[in-house]
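# Chains, contacts and geometry: an overview
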Amino acid sequence: MLRKFVSSCIGHLKPLTVAALCFGPTLAMSATVPVHTAELPPFVNSDNTEMPGITVEMLREAAKRANVEIDISYSPWKRAQSVVHATPQTIVLPPARTSAREEKYDWIAKLLKIEFMFFTNGAAVNSYEDAKALGSIAVLRDSAMMHILTAKGFTNLTVVNDLHLVVNMLKAGRVDAWFEVDHMAHSVLKTAGVPRSTFAQGEAVLETDLWVASNHEFDEATAASLAAAVEEMVADGTRDAIISRYVD
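To keep things clear, this report deals only with the structure shown in the data block. (Residues numbered from 1 in each chain as written. Predicted model: local features only at pLDDT ≥ 70, side-chain atom pairs only at ≥ 80, totals over all residues. Heavy atoms only, no water.)

### Topic: the layout of surface pockets
Its volume calculated, the largest pocket comes out at about 350 Å³. Forming the boundary of the largest pocket are 21 residues, of which Pro 42, Ser 187, Lys 190, Thr 191 and Tyr 246 lie nearest the centre. It is helix α9 (residues 182-192) that contributes the most residues to the lining of the largest pocket, 6 residues altogether. Its residues assigned to classes, the lining of the largest pocket shows 8 nonpolar, 7 polar and 6 charged. (1 Å grid on protein atoms, 1.4 Å probe; cavity = no way out; pocket = protein on both sides within 12 Å on 5 of 7 lines; lining within 4 Å. Points joined across faces, edges and corners; volume = space filled by probe spheres on them. Helix = DSSP H or I, 4+ residues; strand = E, 2+ residues; numbered from the N terminus. Nonpolar A, V, L, I, M, F, W, Y, C, P; charged D, E, K, R; others polar.)

This is the structure we're talking about:
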């Protein structure tokens, strides 16, 4: 009877889901899942055990609820994305879902909404059109910000590898603007001891979401369990409680 049951499962399901549905979640989730990310405050704080970052806390809680073991590794953002794009059974945290990334990953769960805007050491910039007239705009290398502006035809970008450099660059007039996500910019300024009022914050020119994403060859049952756990966290208020610890 057991042999017929297993054969029936194998005959109708993809290989990655056979173990999960025929034998339950234990087999599908027994291995530790590698998670690749980068220093992206306040979403990821690699050197802070008490405040590890909004999306790190969310993923850890989701993994706990889904009975999934995870191992988080930190590297430059471009490398973290490349590793997951090329490596089966891995997760990248927390990419914004942009058109440039859409086909690179499977998108497991939406974590939170973010807004993009320009920060300037002068008059506020409230549109892409006004920003194109500037001399230079700082963006993080291979970030959603770089992809967004590149896709819109911007040629005045100054690409940086470390967000903390941007604050001094903007103050010194080495760049005319900084294109960034609201939460992230505020966190960088706070860490640098620079009041928000130092720079003009333009109106949001775009809204999108941060996600947990994976390599295309990722266990479907594990992905479904993580997605369900994130939905539960949103519904019971856990997600908003985590965010409130980081956002003033």
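### Quick word on the pattern of salt bridges
Within the structure shown, the criterion is met by 7 salt bridges. Two residues, Glu 102 and Arg 97, come together in a salt bridge whose shortest N-O distance is 2.8 Å. For Glu 102, a relative accessible area of 28% puts it in the partly exposed group. Put simply, Glu 207 and Lys 113 hold a salt bridge, and the shortest N to O gap is 3.8 Å. Residue Glu 207 is found in strand β9 (residues 206-214), and its partner Lys 113 is found in strand β4 (residues 106-120); the two are separated by 94 residues along the sequence. Assessed through its relative accessible area of 45%, Glu 207 is described here as partly exposed. Since its relative accessible area comes to 47%, Lys 113 is described here as partly exposed. Salt bridges linked by common partners bring Glu 61, Arg 65, Glu 232 and Asp 236 together as one network. (Salt bridge = Lys/Arg side-chain N within 4 Å of Asp/Glu carboxyl O. Buried < 20%, exposed > 50% of the residue type's maximum accessible area, 1.4 Å probe, protein only.)

### Side note on the packing of aromatic side chains
This structure, assessed with the given rule, holds 8 aromatic pairs. Every member of this aromatic cluster is reached through a ring pair, and the members are Phe 116, Phe 118, Tyr 128, Phe 154 and Phe 179. Between the NZ or CZ atom of Arg 97 and the centre of the ring of Trp 211, over which it lies, the distance is 4.6 Å. (Phe/Tyr/Trp six-rings, centres within 6.5 Å; stacked < 30°, edge-to-face > 60°. Lys NZ or Arg CZ within 6 Å of the ring centre and 35° of its normal.)

### Section: empty space enclosed by the protein
Following the criterion strictly, the structure yields 1 cavity of 30 Å³ or more and no others. Of the volumes computed, that of the largest cavity is approximately 140 Å³. Elements represented by at least two residues in the lining of the largest cavity include exactly β4, α7 (144-151) and β7 (177-181). Of the residues contributing to the lining of the largest cavity, the split by class is 14 nonpolar, 1 polar and 2 charged.

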